Amino acid sequence: MIELKSVTKRFGSETAVDAISLTVNRGELCALVGTSGCGKSTTLRMINRLIEHDGGEIHIDGRPIREFDGRVLRRRIGYAIQSTGLFPHWSVARNIGLVPRLLKWPAARVTERVEELMALLGLPVEQFADKYPAQLSGGQAQRVGVARALAADPDILLMDEPFGALDPITREGLQVELRDLQARLQKTIVFVTHDMDEALALADRLVVMKAGRIVQQGRPLELLRAPADAFVASLLGGDDRGLKEAAITPVVERMRPLSPRLLPQARIAREATLHQALAMMFRERVERLAVVDDEDMPVGEISLRGIVGAGLSEGRDR
């Protein structure tokens, strides 16, 4: 869906992005991570021509982006940023409907799309349609920003630190909503963040940048288990990489069939992570948990030994 071929960007004598190549497949969420000034936001903004690239080629759906008029290109690519960029003197509904109106959609279709997106993002129309950005919480304003980015039903969504200014609880809630939204809509998303936990939780593909270059890319678990160098290992958490791996590995990957022993009383959902299972074991002072389905029926069990893979004595399990 998106392809960068030896793309370079210079600002005067400084090379911000240095001959990078990257392919983002249709329906994939690709997270760009790295230290400040590594070129990740510049890379993002070159995709929709907010910044023009100096060398190489960028293709959208097999077509060079310079074949598109810049304004037309940006209207077919959703864009969500940290500050939301909402017009303060416009209502929520008017902000969300901006791009469809620019595309000359009929008024009834714009209204229908706005109401659909508000419902999808947990913004009841009767409560929020006529509010102004100043009347919204940070999380609500960010939802409106995402709704506006999705309004024209773009195939591609670019997100530049969209949750960066939010408190941890609101941020985590919006991450869950974005994962659910992506599962339903299957947009192609390029997501810039400095928060490694956020990147690991959301990304199908993780791209690590340093000094304008890509130093490693792949699935999050691949990078956690085999970082290319000390920089990547440090960025991914250093000695805590094992815990970060546990935070994105589902319980079902280590679940065992129910044993003939007494079923553990402590229960955990099968979609939970190993990190959550460990936390429950510490809290409940147990070494085995029953794994349950959506109807709270046991479907298996998981043990501390099964999580860490160490030679813990099963005789100590309770």
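It should be emphasised that the depicted structure is a prediction, and the values quoted were computed from it without experimental measurement. (Residues numbered from 1 in each chain as written. Predicted model: local features only at pLDDT ≥ 70, side-chain atom pairs only at ≥ 80, totals over all residues. Heavy atoms only, no water.)

A look at the overall build of the chain
Working step 1: Tallying secondary structure elements over the chain gives 14 helices and 13 strands in all.
Working step 2: By the burial criterion, 47% of the 318 residues in the chain qualify as buried.
Working step 3: By sequence separation, contacts in the chain at least 24 residues apart represent 62% of the contacts at least 6 residues apart.
Working step 4: In the form shown here, the chain has an accessible surface area of approximately 15,800 Å², with 49% of it arising from carbon and sulfur atoms.
Working step 5: The averaged location of the 43 negative side-chain charges in the chain is 3 Å from the averaged location of its 43 positive side-chain charges. (Helix = DSSP H or I, 4+ residues; strand = E, 2+ residues; numbered from the N terminus. Buried < 20%, exposed > 50% of the residue type's maximum accessible area, 1.4 Å probe, protein only. Contact = heavy atoms within 4.5 Å. Areas by Shrake-Rupley, 256 points an atom, 1.4 Å probe, with all protein chains shown as cover. Lys, Arg positive; Asp, Glu negative; His and termini not counted. Charge placed at Lys NZ, Arg CZ, Asp CG, Glu CD.)

Thoughts on the sheet that holds strand β11 (residues 267-269)
Working step 1: With respect to topology, 3 strands assemble into an open sheet ordered β11-β12-β13, the strand pairing being mixed. Single-partner strands in this sheet number two, and they are β11 and β13 (298-303). For this sheet the average axis-to-axis angle between neighbouring strands, irrespective of direction, equals 35°.
Working step 2: Here 5 bridges tie strand β12 (residues 288-292) to β13, and the two strands are oriented antiparallel to one another. (Pairing = 2+ DSSP bridges. Axes fitted to C-alpha atoms, helices over the stretch in contact; angles between N-to-C directions.)

A few points about the nonpolar core
Working step 1: Ile96, Met118, Met159, Leu178, Phe191, Leu206 and Leu236 are the most contacted members of the largest nonpolar core, which has 47 residues in total.
Working step 2: For this core, the element with the most residues is helix α7 (residues 138-150), which contributes 6 residues.
Working step 3: In contact with Phe191, not counting residues within four places along its chain, are Leu29, Cys30, Ala31, Leu32, Met159, Pro162, Phe163, Leu178, Glu198 and Leu202. (Core = buried A, V, L, I, M, F, W, Y, C linked by side-chain atoms within 4.5 Å.)

Here's the deal with the UniProt feature "domain: ABC transporter" (unreviewed entry) in the chain
Working step 1: Under the UniProt annotation, the feature "domain: ABC transporter" (unreviewed entry) is placed at residues 2-236.
Working step 2: As a span, residues 2-236 carries 39% helix and 26% strand, and end to end its C-alpha atoms are 25 Å apart. (UniProt positions renumbered as here; feature names shortened; annotations may be inferred.)

Things to note about the sheet that holds strand β1 (residues 2-11)
Working step 1: Spatial strand order, β2-β1-β4-β5: 4 strands in an open sheet with antiparallel pairing. Lying at the two open borders of the sheet, with one neighbouring strand each, are β2 (14-24) and β5 (63-64).
Working step 2: Here β1 runs beside strand β4 (residues 55-60); their pairing, made up of 5 bridges, is antiparallel. Opposite Ile2, over in β4, you have Ile60 as the bridge partner.
Working step 3: Across the sheet, helix α1 (residues 40-47) touches β1, β2 and β4, and the angle it forms with β1 is around 120°.

Describing the environment of Thr193
Working step 1: Of note, Thr193 is situated in the loop between β8 (188-192) and α9 (196-202).
Working step 2: For Thr193, a relative accessible area of 0% translates into the label buried.
Working step 3: Between the C-alpha atom of Thr193 and that of Gly34, which follows or precedes it by 159 residues, the distance is 8.2 Å.
Working step 4: Excluding anything up to four places from it in sequence, Thr193 contacts Leu32, Val33, Lys40, Glu161, Arg171, Glu198 and Ala199.

Topic: unusual backbone geometry
Working step 1: Although it is not a glycine, Asp61 sits at a positive phi angle of roughly 50°.
Working step 2: Locating Asp61 in the fold gives a position in the loop between β4 and β5.
Working step 3: Positive phi, close to 60°, is recorded for Arg285, a residue that is not glycine.
Working step 4: Relative to the helices and strands, Arg285 resides in the loop between α13 (274-284) and β12.

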